[in-house]
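Given next are the chains, with one letter for each unit.
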Amino acid sequence: MQPTRRDSASGHPIGNESLPLLAGAAVGVGGVGAVLALVDITSPVRAPFTFFFLLAAPAAALAGALRSLDPLSRAVVAAGGTIVIDLLVAQGLLALHMWSVRGGVAVIAALSAALFLLPLLRHSLARAERRRTP
């Protein structure tokens, strides 16, 4: 096994400082894709950015909700869950005869936001329960 190179100043493995930059870029690309789809702006980057949003938003929300799993299991479950969420939203919109790109992006954004906020709600409920019981 090859040893990891470490930064002499911080002692952290080299390359870890780029992770927040990559996460910010992913959020930016996904946000631009969602806005381009919701506002119906014609652009050559609309399709790939919107597709990235439809895959990344539910995956990030599911990964955040599954913190108890190890990283590989979390990634696999989040990827599978993303496909399930996207397909169920598409099937629901088609079954209700309400199919539109804007509607699909809006529903995926709402579900992702709800899944993202679920751990925060769980944490606040647990903290309130600890306060009630002495």
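Before reading further, recall that the structure is shown in the block above.
Thresholds, definitions, all that
- Residues numbered from 1 in each chain as written.
- Predicted model: local features only at pLDDT ≥ 70, side-chain atom pairs only at ≥ 80, totals over all residues.
- Heavy atoms only, no water.
- Patch = residues over 30% accessible without salt bridge, like charges linked within 9 Å, V, L, I, M, F, W, Y side chains within 5 Å.
- Areas by Shrake-Rupley, 256 points an atom, 1.4 Å probe, with all protein chains shown as cover.
- Salt bridge = Lys/Arg side-chain N within 4 Å of Asp/Glu carboxyl O.
- Helix = DSSP H or I, 4+ residues; strand = E, 2+ residues; numbered from the N terminus.
- Buried < 20%, exposed > 50% of the residue type's maximum accessible area, 1.4 Å probe, protein only.
- Contact = heavy atoms within 4.5 Å.
- Expected span 1.5 Å × (residues − 1).
- 1 Å grid on protein atoms, 1.4 Å probe; cavity = no way out; pocket = protein on both sides within 12 Å on 5 of 7 lines; lining within 4 Å.
- Points joined across faces, edges and corners; volume = space filled by probe spheres on them.
- Nonpolar A, V, L, I, M, F, W, Y, C, P; charged D, E, K, R; others polar.
- Core = buried A, V, L, I, M, F, W, Y, C linked by side-chain atoms within 4.5 Å.

So, a nonpolar patch on the surface
Working step 1: A contiguous nonpolar surface patch, about 320 Å² in accessible area, is contributed by V35, L38, V39 and I41.
Working step 2: Note that V35 resides in helix α1 (residues 19-39).
Working step 3: Judged by relative accessible area, V35 falls into the partly exposed class, the value being 46%.

With respect to the side chain of T50
Working step 1: Tracing the sequence through the fold places T50 in helix α2 (residues 46-65).
Working step 2: Apart from the residues lying within four places of it in its own chain, the contact partners of T50 are G33, A37 and V105.

So, helix α3 (residues 71-95)
Working step 1: Here α3 spans 36 Å end to end across 25 residues, near enough to the 36 Å set by a 1.5 Å rise per residue.
Working step 2: If you check which residues of α3 are buried, you get A78, G81, T82, I85, D86, V89 and L93.
Working step 3: Where α3 is buried, its residues meet α2 and α4 (101-132).
Working step 4: H97 sits one or two positions beyond α3 and adopts a positive phi of about 55°.

What to know about the layout of surface pockets
Working step 1: Each pocket or cavity is described by its volume, and for the largest pocket that value is around 760 Å³.
Working step 2: Along the walls of the largest pocket sit 26 residues, with A56, A57, A60, A61 and F116 positioned nearest its centre.
Working step 3: Contributing elements (two or more residues each) for the lining of the largest pocket: α1, α2 and α4.
Working step 4: For the lining of the largest pocket, the class distribution of residues is 19 nonpolar, five polar and two charged.
Working step 5: The calculated volume of the second largest pocket comes to roughly 160 Å³.
Working step 6: Taken together, L54, D86, V89, A90, W99, S100, V101, G104, V105 and I108 make up the full set of residues lining the second largest pocket.
Working step 7: For the lining of the second largest pocket, the elements supplying multiple residues, two or more each, are α3 and α4.
Working step 8: Top element by residues in the lining of the second largest pocket is α4. It accounts for four residues.
Working step 9: Looking at the lining of the second largest pocket residue by residue, the classes come out as seven nonpolar, two polar and one charged.

Topic: the nonpolar core
Working step 1: A34, A37, F53, A57, L62, A78, I85, V89, L93, V105 and I108 form the largest nonpolar core, which has eleven residues in total.
Working step 2: A total of four residues in this core trace back to one element, the largest contributor, which is α3.
Working step 3: Beyond its immediate stretch of four places on either side in the chain, V105 contacts A34, A37, L38, T50, F53 and L54.

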